[in-house]
Amino acid sequence: MIREFHTPRTVDAAVALRTELAGKACYLAGGTELGSTAFRTESPQEVISLAQVLSTAISADDGGLLLGAGCTLQTISVSENVPKVLRDAAKLVANRNIRNMATLGGNIASNKTFASMLPALVVFDAQLELADAGGGRSTVGIMTYLGRGGRELILAVRIPKKPGRRASTAKLSKSANDIATLVVAASYVPDNDRVREPRLAVEGVADHVVQLDSIEAWLEGSPLPSRDAITDRVSDVVTPKTSIKGSAEFKTYLAGTMIADALHRAAADTRKVNA
Amino acid sequence: MKIRLTINGKARELEVAPGESATAALKKAGCGGLRNGCDGQGSCGACAVQLDGELVNTCILLAPQLAGRSVKTIDGISHFRDVSPLQSAFIDAGVVQCGYCTPSMLLAVEPLVAQPEAPTREQVMDAMSGVFCRCTGYEQFVGAVELARERTKNPAAKGNVAKVYRDDLKFVGRATGKVDGAHLARAGKAYVEDRVDADACHIKLLRSPYAHAYIKSIDTSAAEAMPGVVMVVTHKNCPDINYSQAGQGYPEPSPYDRKMFGEKVRHIGDRVAAVMAESRELAAAALEKIVVEYEVLEPVLTIAEASAAGAPRVHKGPVDFISGTPDDLDNSDADPRDGRITYLFPIHADIRRNIAASVSGGIGDLDKGFAEADVILERTYKSSQVQCTPLEPHAVYTKLVEGRLVVHAATQVPWHLRRMFARLLDLPENRIRVIKEHCGGAFGAKQDMVLEEIAAFCTWTTGRPVSHRFTREEEFVSSRTRHPIEFQVKLGAKKDGKLTAVYMGVKANTGPYGQHCLTVPMNAVSKSLPLFLCDNAGFDVVTYYSNIPPAGAYQGYGAPQGAFAMQMAMAELAEELGLGQLDIVEMNRVGEGSWLEILRCLGEGRPGKPEQVFSCGLKTGLALGREMIEWDKKETHQDPDIAIGKGLAIVQQGSGLPGLDASNATVTMFGDGTFMLLSGGTDLGTGLDTVSTKFVAETLCVPMEAVSIIAADTDATPFDVGAYASSGTYYSGGAALNAAKGLKNIILDIASEMLGEPVEHLDMLYPGIIKGKNKQVTYAEIAHETQSGVGCGQLTFTSNFTGEAPSFPYGTHFCQVAVNTRTGNVKLQKYYAFQDSGTPINPELANGQTFGGVLKTIGHSLFEEMVLDDEGRCLNPNLLEYIVPMSGDVPDDFRSILVHTDEPFGPFGAKSISEIACGGAAPAIATAIHDAVGVWIRSWPFTPEKLLRAMGKL
Ligand SMILES: Cc1cc2nc3c(=O)[nH]c(=O)nc-3n(C[C@@H](O)[C@@H](O)[C@H](O)COP(=O)(O)OP(=O)(O)OC[C@H]3O[C@@H](n4cnc5c(N)ncnc54)[C@H](O)[C@@H]3O)c2cc1C
Ligand code: FES
Ligand code: FES
């Protein structure tokens, strides 16, 4: 039962409130997770609205692209400045009403195993600009943030420049609006015929998004392997559980197949995604 | 706390609680059109508003999130009584069916009307992608938006919403819009929830956590002692009467096998107790105080478990019969805790073997037919448990008015409800009034009494008004679902494809109680076998009790399951014989003039008889489909991972139940020569009231606006069996037509007297004039004459409609799928439904019925499924996890083509629409999948995992 609704006007005020109300309050952005009986995992007594705190701007500079954490997924899905693959990722949320409400920061912070943006952000080496509890600002890699339980306030997401990078993302779900069984993303930088800096991420095989470091290491510097070879490798390293969405065997097969397809699709996509 | 915001352009200040939902706050602020379909999941969009121009779901927003923002609700779309161009386009395009989603849909697409460039189909679909509509199939919204854009420039624009099928008539056979369209498009008060008074009490049910158990003890004292709790009902104080909840005509074929509350619970979610309290929250809190001790029994969930030797028995109570008591009736081992079962007539049940009902029959000689065959094919097929999911869950509001029980119900069967209440409450029918409110979708689930009797009992006992509405979860676990059915189909054929023998074995799972347990599975046979002509045909139907959530009526009523089995088997036979699917269908199908001998042993509620087919659009449908989908062309995709295939199915339904159904209507002339039509017919959003109004206006030669309609109110309108078995247009419409014809004769007689000319010299002319050879008289003058002090009295005529002809509607469905051979994902590229419903009375609404029916069954085919665990608990009792089709699931090229035939027995040549649309998708898609990737998927749903397994990839 929510008893207080705070609307801080500055980032620092929001962070201070959160520190003061530790254990009782949480941030509220679009509210699509916090407000939904299907997804809510916390029942805070107080909420700290980020409505007046978060940037909704999308801008580009020498360091790459900067997306305010308050951007809605709908804004991202139609923004010409945003690489197509990130737009595609936002559109994986097929429900327009949810896209209109859900924020980028919320999609990351809620860290669900179907979060549409996460695999794509991971394969773009996204950096998160955070407001720390002590009042400072810091920048961390998205996997680091998620790995440590991601409690800090996300202010913005930076997509570093990476000339020549190719990428792709996809989901498998039973219907358009169904919560994805699996979401994958893959990227790499072609170096003549070699794969450089491969990034692979998959959801639906563990509680949270998984970056496939061992497969990335295997791919690094080699020619792009066949889809079958990639599938076999990926299938060896993922350990999904059987659920209402499908058997473990199915998800294992799918993770391998979809990662392989995503990589090959990325290879076929000759657009310079993020030059 | 106070928030400031703008609502529909006006600055407002609202007092809200920090944790209050935006829906509640906006409703308190007087906003209309905010509905609830998912209990705060955020998955259905029924509560949507525009927030700063973007559509959002208010149920997942906190009220304080609205601060400083601009909200637009449905009230901001219309101005006073006027409808906007968008609303009028919605009405004319036929997208306002039940209307429950309409406010959200209007708000969803409104920005597309104003944008400078014409929106693409994809943009319209995307705009609606968060709003669930179970009725329309989404397709016609594209045309509605286009029409609205035209109308903003030219208010007189008509668009191209549907073909004209009868240019000799004024209203019948052409799009006119729905008579209740404007009311619904403005979100006027229409549904049960709109009728609930502020002083109403509320009911909450305590439900069983076990699939099969006896209630050893139940202590309600703590709940009863709570302030604000009015009464608690359990098996101890409910009426000691066994009944069936099936809304069928008396004597029902469904067994009376339950009480309002039983001492035995038979499924997870079965009723244990009801609390009536002064608020919903109090009722919920009181449920927690009820202490129940169960004796847990082993459940049976599947047909295999229910039919196994020594299986636990779902029903062990004593049995009796109203007629046809068998000589060997033996109740010696009955357990009274199970409650009594009464059969109104024998339905060949055997509760010792968990058999709820059974029937067998056939024509010709099956053995001989199989002996003559060059090829025999035997296959099994399975349907899964799917739920009707009307956007509005079940709801009822009961109150006493001057000592009579008044029931506002979202029901398909107001008169059956009245009859059942009378028996349960021991009241004469004249003390009860049932008013059918607008239903936010029904689809068969609302043919049964699933909560109404508890509210009626509580109101009658306490004298206080009671509101009861299911949650979405309750809708899944205790409303109605399609019977899961297992089919064994055996076909014998000559080398050239001609059938020599057809056998269908049907095993159905009715769940805990036997509503529709005989008739649904039988309909799976009676609507699928007669599609193919074969002299030797037979069937066995057995329905089992089990402890799964209850099955019952669902649009199509067994026919979709039967069509899947039969059409698949025919396609498999074609493959076996090296023939084309379309060719084998053509060779064996029914056609105009065919006699359907098999119906001799498939009577519904009365002995069967062979029937002749007088109109049949299959030939045209198959020919058009072959051409339009380029049946003979093999398609390829530029992506080598994608395989494309085409499939088809032919389907049949009925037009009501001949010999059982009956409808009545009264048409009365008012003082100015306008008319009131009192119709028993139950419009569920399908457009029945429009059909009936058209019939009267057409017959009496007046504008539709000159005919008002009141329908489905047991006090105000005459009797009708209700809306099921696709009876609406044919029976209820037929009654309105007969009443109008009767009144026409009277009007002519009176005019003849007034004009002094014989009736043969008179013409009835539009708009309401009787013209003789010399003079003419208007309806207003006739009304004045007849209603004056020297007149013969107000002109009125009551008539009924009953029928003997089955008037089968037919459908031919073609589809093209693209299967991703790596992921098993199936994409529908094309779906064409060729629907023969005789004369389409409301063509735009008939198309809407077709799109809606098809999309529902696309859902059943591809993803919808109630998943139960080993204990019988439904694991996905919500829209998000059960998965319902949204606009993103609409086939890329989706068409409904009405094949106009003229049925000699139907009103204006009409047959039924609606249910028929549900039969084709599963077999058409499954055969297309086979065409694409060479595997037969013989069970619903055709999930990627199932496809991959069949393709040997898993
Ligand atoms: C019907 C429905 C369908 C959905 N479908 C999808 C889907 O297909 N794909 C998908 O990915 N998701 C889906 N979602 C989940 C969707 O709610 C989230 O993905 C969404 O992005 C969360 O964003 P939000 O702004 O609404 O978060 P909120 O609900 O406001 O917050 C979510 C969590 O994140 C925290 N948080 C929010 N912003 C920040 C921040 N800037 N810094 C730190 N913490 C923060 C909050 O404290 C809270 O714990 C669906 C939800 C619904 C209701
Ligand atoms: S009621 Fe709000 S989305 Fe369903
Ligand atoms: S018209 Fe959309 S749910 Fe009925």
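It should be noted that the structure appears before, not after, this text.
Residues numbered from 1 in each chain as written. Chains lettered and ligands numbered in written order. Predicted model: local features only at pLDDT ≥ 70, side-chain atom pairs only at ≥ 80, totals over all residues. Heavy atoms only, no water.

1. Looking at the site of ligand 1
- Lining the immediate environment of ligand 1, one finds 35 residues, of which Tyr27, Thr32, Thr103, Asn107 and Ser116 of chain A sit closest.
- More than one chain lines the surroundings of ligand 1; the residues nearby belong to chains A and B.
- Within the backbone of tyrosine 27 of chain A, one N or O atom sits 2.6 Å away from an oxygen atom of ligand 1.
- At 2.6 Å, a side-chain N or O of threonine 103 of chain A approaches an oxygen atom of ligand 1. (Near = heavy atom within 4 Å. Polar contact = N/O pair within 3.5 Å; in protein donor to acceptor, adjacent residues only side chain to side chain.)

2. Quick look at the interface of chain A and chain B
- Facing 45 residues of chain A, the contacting portion of chain B comprises 46 residues.
- Taken together, the two surfaces of chain A and chain B that pack against each other cover about 3500 Å², and 56% of this comes from carbon and sulfur.
- When the area that chain A buries against chain B is broken down by residue, the three leading residues are Phe5, Asn97 and Lys174 of chain A, summing to 17%.
- A salt bridge links aspartate 126 of chain B to arginine 96 of chain A; its shortest N-O distance comes to 3.1 Å.
- The interface formed by chain A and chain B includes 21 residue pairs in polar contact (both at pLDDT 80 or more).
- When residues of the side of chain A that touches chain B are traced back to their parent elements, those giving at least two are strand S1 (4-6), helix H4 (96-101), helix H9 (227-237) and helix H10 (248-268) of chain A.
- Here the side of chain A that touches chain B takes 8 residues from H10 of chain A, the largest share from any one element.
- Here the side of chain A that touches chain B is built from residues that sort into 19 nonpolar, 16 polar and 10 charged. (Contact = heavy atoms within 4.5 Å. Buried area = accessible area lost by both parts, 1.4 Å probe. Salt bridge = Lys/Arg side-chain N within 4 Å of Asp/Glu carboxyl O. Helix = DSSP H or I, 4+ residues; strand = E, 2+ residues; numbered from the N terminus. Nonpolar A, V, L, I, M, F, W, Y, C, P; charged D, E, K, R; others polar.)

3. A look at the packing of helix H2 (residues 85-93) of chain B against helix H5 (residues 140-153) of chain B
Residues and elements named next belong to chain B.
- One can describe the packing of H2 onto H5 by two numbers: an axis separation of 8 Å at closest approach and a directional angle of 135°. Viewed along their axes, H2 and H5 adopt a mutual orientation that is oblique. In the packing of H2 onto H5, the handedness of the crossing is right-handed. Along its contact with H2, which presents Pro85, Leu86, Ser88, Ala89, Phe90, Asp92 and Ala93, the element H5 presents Gln140, Phe141, Ala144, Leu147, Ala148, Arg151 and Thr152.
- Across the contact of H2 with H5, the residue classes tally to 9 nonpolar, 3 polar and 2 charged. (Axes fitted to C-alpha atoms, helices over the stretch in contact; angles between N-to-C directions. Parallel < 35°, antiparallel > 145°, perpendicular 65-115°, else oblique. Left-handed = near helix turned anticlockwise from the far one by under 90°.)

4. Details of the sheet that holds strand S11 (residues 291-296) of chain B
Residues and elements named next belong to chain B.
- Across the sheet, 3 strands lie side by side as S9-S7-S11; this open sheet has antiparallel pairing. Here the strands that pair on one side only, and so sit at the sheet edges, are strand S9 (264-265) and S11.
- As judged from the 2 bridges shared by strand S7 (residues 213-219) and S9, these two strands associate in the antiparallel manner. Within S9, the position partnered with tyrosine 214 by the bridge is lysine 264. (Pairing = 2+ DSSP bridges.)

5. Remarks on the side chain of glutamate 475 of chain B
- Its place among the elements puts glutamate 475 of chain B in helix H13 (residues 472-478).
- Here serine 479 of chain B takes part through its side chain, which lies 3.2 Å from a polar atom of the side chain of glutamate 475 of chain B.

6. Describing the sheet that holds strand S7 (residues 137-141) of chain A
Residues and elements named next belong to chain A.
- As summarised here, the arrangement of the 5 strands in space is S4-S5-S8-S6-S7, forming an open sheet in which the pairing is antiparallel. Only two strands of the sheet have a single neighbouring strand rather than two, namely strand S4 (58-61) and S7. On average, adjacent strands in this sheet sit at an angle of 25° to one another, irrespective of strand direction.
- Judged from the 5 bridges that link them, strand S6 (residues 127-131) and strand S8 (residues 153-160) form a sheet pairing that is antiparallel. Looking at S8, one finds that leucine 130 is bridged to isoleucine 154.

7. What about the nonpolar core?
- Among the nonpolar cores identified, the biggest contains 197 residues, and Ile929 and Phe942 of chain B are the most heavily contacted of them.
- When neighbours within four sequence positions are excluded, phenylalanine 942 of chain B is seen to be in contact with Phe564, Ser861, Leu862, Ala922, Ile925, Ala926, Ile929, Ile937 and Leu947 of chain B.
- Counting 75 residues, the second largest nonpolar core, distinct from the first, contains Tyr27, Leu118 and Leu130 of chain A together with Ala29 of chain B. (Core = buried A, V, L, I, M, F, W, Y, C linked by side-chain atoms within 4.5 Å. Buried < 20%, exposed > 50% of the residue type's maximum accessible area, 1.4 Å probe, protein only.)

These figures come from the coordinates and say nothing about function on their own.
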